[in-house]
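# Examining the three-dimensional arrangement
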Amino acid sequence: MSITTARPRVLSGIQPSGHLHIGSYLGALRGWVADQTRYENYFCIVDLHAITVTQDPEQLRALVLELAAVYLACGIDPAQSEIFVQSHVAAHSQLGWIIQCFTPMGWLERMTQFKHKSATAGTEQERVSAGLLTYPTLMAADILLYDADFVPVGEDQRQHVELCRDVAQRMNNKFGDIFKIPQSLTPPAGARVMGLDDPTNKMSKSLGMQSPGHAVYLLDPPDVARRKIMRAKTDTNPAVSPPVAAGVDNLIDIYAACAGLTPEAALTEFTGKGYGVLKKAVANIVISTVLEPLQARFNVYANDPQQLDAMLLESAGRVTATAEATLLRVQRAVGLR
Ligand code: TYM
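Because the structure is predicted, anything quoted here is derived from the model rather than measured.

Moving on, we come to the domain arrangement of the chain. Split by domain assignment, the chain resolves into domain 1 (9-188 + 305-334) and domain 2 (205-299). On a C-alpha basis, the centroid separation for the pair domain 1 and domain 2 is 28 Å. Tallying the contact residues gives 18 residues for domain 1 and 18 residues for domain 2. When domain 1 packs against domain 2, close to 1600 Å² is buried across both sides, 71% of that on carbon and sulfur atoms. Looking at the side of domain 1 facing domain 2, the largest losses of area belong to His21, Ile22 and Ala73, adding up to 35% of the total buried there. Taken together, domain 1 and domain 2 are joined by 6 residue pairs in polar contact (both at pLDDT 80 or more). At the level of elements, helix 1 (22-34) and helix 3 (57-74) are the ones that each hand at least two residues to the side of domain 1 that touches domain 2. At 5 residues, helix 3 tops the list of elements feeding residues into the side of domain 1 that touches domain 2. A per-class count over the side of domain 1 that touches domain 2 returns 10 nonpolar, 6 polar and 2 charged.

Written out as structure tokens, the structure is:
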């Protein structure tokens, strides 16, 4: 396959830093699949971002392949979309370094995710690496290498895409138009799925490791997922009545994202109904529209790691030409070539 269409380009990525939960699916992956034929797609498995915090090497290798199988099982079609591993394309690190040198420290220190992760990293094992600070500059490189028009992400990554735009603009002002300025895309519902056990915190891979009721994973058996949703935190009201508490809002948002409704329409549908009814409806729709279709396909891909490896390497080979052309353009502009 060679992708030579004139469609707008999309680039996005997910870290292979843990099993994927419905937050990442509803905030990002689902939209990638739905809009796949409208765009020229670059979907990355960002292993270099994953090592900004401690990873077990064996597990990291396994999670890269698991994520590739999840991409395919969700419906990313390798005939339509490039699916590749970030570290297989050296230009990501090379451009990342250059961008780092043109990014003020203050911009990086202001990033919400850095502030949160550095404040909650406790032990030496969970050390705050320099990579955690410079992480958004590598993400900017991922995006800018492919002249992406759009970056479909969940709400939490919008600030990083803004930083990418700012640094690209800054370098364009200095060196001429070397970068295309990308735009983030977030879905109308599901852009910020919160923890089921604690709706004040975003559903995340790291909190999921600490608390079993926090996240529904894409590979959770349906009965496990149902139990987690039925135990989700709501409030003490007997029924849904606006303005709703954060936990109820989260369930309504998840339902809306799965049903293709606006959160307002979903809220109207459940107003006056008990929380048991809402939770049951959320469990049913998550299981039938997300978990079951994905899980029915996942093993077919996951059981053939050689095929997955071959697909990832072929894709990296194809995208390298595009990435290196951008890198050379930038190297020339800044005086490295
Ligand atoms: P990551 O791996 O944390 O998350 C992957 C995608 O899932 C979205 N997401 C969520 N959406 C809604 N609710 C949630 N609870 C939730 N949790 C995660 C994220 O917004 C993201 O879209 N830095 C990125 C990966 C990255 C990237 C890129 C993304 C690296 N390079 C270039 C886009 C373009 C990250 O850590 O995502």
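Counting buried positions over the 5 residues of strand 3 (residues 81-85) gives 5, a clear majority of the element. Here 5 bridges tie strand 2 (residues 40-45) to strand 3, and the two strands are oriented parallel to one another. Counterpart to Phe43 in the pairing with strand 3 is Ile83.

Across the 6 residues that make up strand 1 (residues 9-14), a large majority, 5, are buried. Judged from the 6 bridges that link them, strand 1 and strand 2 form a sheet pairing that is parallel. The partner of Leu11 across the bridge, within strand 2, is Tyr42. Regarding the hand of the β-α-β motif, the stretch spanning strand 1, helix 1 and strand 2 is right-handed.

So, on to the nonpolar core. Counting 62 residues, the largest nonpolar core has Leu29, Tyr71, Leu218, Ile254, Val286 and Leu291 as the members making the most contacts within it. The leading source of residues in this core is helix 13 (residues 275-302), at 12 residues. When residues are assigned to domains, this core turns out to be shared by domain 1 (9-188 + 305-334) and domain 2 (205-299), each giving three or more. Counting residues in hydrophobic clusters, the runner-up holds 32 residues, among them Ala91, Ile98, Ala141 and Ile143.

Further remarks concern helix 7 (residues 130-145). With 16 residues, helix 7 should reach 22 Å at 1.5 Å per residue; the first-to-last C-alpha distance of 22 Å fits that figure. When the local axis directions of helix 7 are compared, the greatest deviation, roughly 40°, occurs at Pro136. Burial runs high along helix 7: 14 of the 16 residues are buried. Remark: Asp147 follows helix 7 within two positions and exhibits a positive phi of approximately 50°.

Tallied over the entire structure, the rule returns 7 aromatic pairs. Each ring, one from Trp32 and one from Tyr71, has its centre 5.4 Å from the other, and the planes form 80°; the classification is edge-to-face. Of this pair, Trp32 sits in helix 1 while Tyr71 sits in helix 3, and the two are 39 residues apart along the sequence. The same class applies to Trp32 and to Tyr71, which are both buried. Pairwise contacts between aromatic rings join Trp32, Phe43 and Tyr71 into one cluster. Across the ring face of Trp107, the terminal group of Arg170 is positioned such that the distance to the ring centre comes to 5.2 Å.

What counts as what
- Residues numbered from 1 in each chain as written.
- Predicted model: local features only at pLDDT ≥ 70, side-chain atom pairs only at ≥ 80, totals over all residues.
- Heavy atoms only, no water.
- Domains from an automatic or database assignment.
- Contact = heavy atoms within 4.5 Å.
- Buried area = accessible area lost by both parts, 1.4 Å probe.
- Polar contact = N/O pair within 3.5 Å; in protein donor to acceptor, adjacent residues only side chain to side chain.
- Helix = DSSP H or I, 4+ residues; strand = E, 2+ residues; numbered from the N terminus.
- Nonpolar A, V, L, I, M, F, W, Y, C, P; charged D, E, K, R; others polar.
- Buried < 20%, exposed > 50% of the residue type's maximum accessible area, 1.4 Å probe, protein only.
- Pairing = 2+ DSSP bridges.
- Right-handed = clockwise from strand over helix to strand, strands pointing away.
- Core = buried A, V, L, I, M, F, W, Y, C linked by side-chain atoms within 4.5 Å.
- Expected span 1.5 Å × (residues − 1).
- Bend = angle between axes of the 7 residues up to and from the residue.
- Phe/Tyr/Trp six-rings, centres within 6.5 Å; stacked < 30°, edge-to-face > 60°.
- Lys NZ or Arg CZ within 6 Å of the ring centre and 35° of its normal.

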